[in-house]
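Inside the fold
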Amino acid sequence: MTGNNTAQITDWNGQGGERWVANQARLDAMAAAFGQAAIDAAAPVAGERVLDVGCGAGASSLALAARVGAQGQVLGVDISEALIERARALAPQDAPVRFQVADASGAELPEGAFDILFSRFGVMFFDDPAAAFAHMRRALKPGGRVAFVCWRGAAENDWVRLPMGALKGIVPLAAPPDPEAPGPFSFGDPARVARILTAAGFTDIAIAPFDAAVPFGEGATRDAAIDDAVKMTLEVGPLSRALADQPDDIRDLASAEVRTVFARLPGEGAVMMEGAVWIVMARNPHRTL
Ligand SMILES: C[S@@+](CC[C@H](N)C(=O)[O-])C[C@H]1O[C@@H](n2cnc3c(N)ncnc32)[C@H](O)[C@@H]1O
């Protein structure tokens with residue numbers, strides 16, 4: 001492993017991972033459009049080998065496997081045992097995909113083996129991202145490509161900005177976290193992402209914005225969908241962490257405020273909120289620079 005990823009390993013193997021597994025179907029629905037945009041950017045073709053970093057429950061690995069076909073191969077790696085267990089359970093037997101519990105920043109990976117280094121929201125958690133990407137680059141073939149999707153800033157993402165805003169006046173909001181600390185928004189600054197990839201030895205870096213409406217929660221009626229979206233917001237993500245140590249009465253108040261905010265948003269079977277990501281592309285040079 002490069003850097004110290006212990007806190008992330010503990011979280012994704014503890015409550016964070018458990019809650020992710022419990023909400024897996026909803027979270028997959030939320031990430032689907034963004035993952036698809038990154039897969040389209042990666043443009044995998046039949047027979048290629050793909051490394052899916054921080055693959056979670058494996059939805060993107062399966063979508064990639066469908067693109068590379070039986071002659072290809074996808075390896076999904078993740079530090080969370082619970083999520084890899086879910087990924088293995090969801091994968092059809094004949095899919096050309098394998099899953100491995102591993103810290104991608106230092107795992108033993110076959111050298112020069114992959115055509116594509118891919119990730120759907122799984123590369124923002126490294127303690128030392130430049131070292132992690134330098135390590136993962138060695139697993140790519142010369143000329144191999146990188147394609148991943150990561151969130152832009154929290155202020156641009158209504159699915160976090162709106163519920164966090166609803167907490168104002170209910171709980172004292174903690175000072176904003178270090179924007180470069182490992183976490184979902186640590187790749188929000190494209191200049192930082194470009195610096196990390198350059199330091200790791202990649203070239204041809206291209207970072208493009210992509211926006212899509214995010215379906216939050218699910219339900220047969222609009223009211224049921226709003227209730228489910230509120231429940232999910234209290235279970236996973238930044239708001240759940242902000243409320244983690246709060247007593248029940250504060251959590252109830254916060255839940256009511258978030259519900260009021262969500263009830264103003266469009267959507268029938270889900271609450272629709274704006275999401276903003278970067279689609280990041282880069283290339284492993286043919287010769288080491
Ligand atoms: C936001 S989730 C995304 C999961 C999945 N790609 C998806 O889109 O549903 C981030 C994932 O990255 C994984 N992760 C974090 N640090 C990692 C590391 N150093 N090596 C491998 N996986 C890591 C977490 O366990 C988690 O499953």
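Refer to the structure presented above.
Keep in mind it's a predicted model, so treat the numbers as computed, not measured.

1. Observations regarding the overall build of the chain
In terms of regular secondary structure, the chain is built from 11 helices and 7 strands. The C-alpha atoms of the chain give 19 Å as radius of gyration, which agrees with the globular expectation for 289 residues (19 Å, within 12%). The principal-axis extent of the C-alpha atoms belonging to the chain is close to 60 × 40 × 30 Å. Burial status across the chain gives 52% buried among its 289 residues. Considering only intrachain contacts with a sequence separation of at least 6, the fraction spanning at least 24 residues in the chain is 79%. Summed over all atoms, the accessible surface of the chain reaches about 12,900 Å², with 54% contributed by carbon and sulfur. Across the chain, the 25 positively charged side chains and the 35 negatively charged ones have centroids separated by 5 Å.

2. Here we look at helix H6 (residues 129–137)
Among the 9 residues that make up H6, 7 are buried, leaving the element largely enclosed by the rest of the structure. Taken together, the buried positions of H6 are Pro129, Ala132, Phe133, Ala134, His135, Met136 and Arg137.

3. Quick notes on the site of the ligand
In the region of the ligand, 18 residues are neighbours, and Gly54, Asp78, Asp103, Ala104 and Arg120 sit closest. Separating a nitrogen atom of the ligand from a backbone N or O atom of Ile79 is a distance of 3.4 Å. Its free accessible area being 600 Å², the ligand has 97% of it covered by the protein chains.

4. What about the pairing of strand S7 (residues 271–283)?
In this sheet, S7 lies alongside strand S5 (residues 140–151) in antiparallel orientation, the contact comprising 7 bridges. Its bridge partner lying in S7, Trp151 is registered against Val277. With 12 bridges joining them, strand S6 (residues 203–216) and S7 adopt antiparallel strand pairing. In the sheet register, Ala212 faces S7, and the bridge partner there is Gly275.

5. Describing the packing of aromatic side chains
For any pair of aromatic rings, the description rests on two quantities: the centre-to-centre distance and the angle between the ring planes. Counted according to the given criterion, the structure contains 15 aromatic pairs. Ring centres of Phe34 and Trp151 lie 5.4 Å apart, and the angle between their planes is 70°; this geometry places the pair in the edge-to-face category. Separated by 117 residues along the polypeptide, Phe34 in helix H3 (residues 24–42) and Trp151 in strand S5 bring together distant segments of the chain. Of the two residues examined, Phe34 and Trp151, each falls in the buried class. The exposure class assigned to Trp151 is buried, which follows from its relative accessible area of 7%. An aromatic cluster of three or more residues is present, and its members are Phe34, Phe121, Trp151, Trp159, Phe185, Phe210, Phe216 and Phe262. The ring of Phe114 has Arg49 lying over it, and the distance from NZ or CZ to the ring centre is 5.3 Å. Positioned above the aromatic ring of Trp278, the side-chain terminus of Arg152 is 5.2 Å from the ring centre.

6. What about the packing of helix H2 (residues 15–22) against H3?
At a minimum axis separation of 5 Å, H2 and H3 run at an interaxial angle of 80°. As far as their axial angle goes, H3 and H2 are roughly perpendicular. Across from Trp20, Val21 and Ala22 in H2, the residues of H3 making contact are Gln24, Arg26 and Leu27. When its residues are assigned to classes, the contact of H2 with H3 shows 4 nonpolar, 1 polar and 1 charged.

7. A few points about the sheet that holds strand S2 (residues 73–78)
Reading across the sheet, the 7 strands line up as S3-S2-S1-S4-S5-S7-S6 and stay open at both edges, with mixed pairing between neighbours. Of all the strands in the sheet, just strand S3 (97–101) and S6 have a single pairing partner and so form its edges. Along the sheet, successive strands turn relative to each other by an average axial angle of 20°, direction set aside. Running at roughly 155° to S6, H3 makes contact with strand S4 (114–120), S5, S6 and S7 of the sheet. Relative to the sheet, helix H8 (residues 190–199) contacts S5, S6 and S7, its axis offset from that of S6 by approximately 135°.

The rules behind each value
Residues numbered from 1 in each chain as written. Predicted model: local features only at pLDDT ≥ 70, side-chain atom pairs only at ≥ 80, totals over all residues. Heavy atoms only, no water. Helix = DSSP H or I, 4+ residues; strand = E, 2+ residues; numbered from the N terminus. Rg over C-alpha atoms; globule rule 2.2 N^0.38 Å. Buried < 20%, exposed > 50% of the residue type's maximum accessible area, 1.4 Å probe, protein only. Contact = heavy atoms within 4.5 Å. Areas by Shrake-Rupley, 256 points an atom, 1.4 Å probe, with all protein chains shown as cover. Lys, Arg positive; Asp, Glu negative; His and termini not counted. Charge placed at Lys NZ, Arg CZ, Asp CG, Glu CD. Near = heavy atom within 4 Å. Polar contact = N/O pair within 3.5 Å; in protein donor to acceptor, adjacent residues only side chain to side chain. Pairing = 2+ DSSP bridges. Phe/Tyr/Trp six-rings, centres within 6.5 Å; stacked < 30°, edge-to-face > 60°. Lys NZ or Arg CZ within 6 Å of the ring centre and 35° of its normal. Axes fitted to C-alpha atoms, helices over the stretch in contact; angles between N-to-C directions. Parallel < 35°, antiparallel > 145°, perpendicular 65-115°, else oblique. Nonpolar A, V, L, I, M, F, W, Y, C, P; charged D, E, K, R; others polar.

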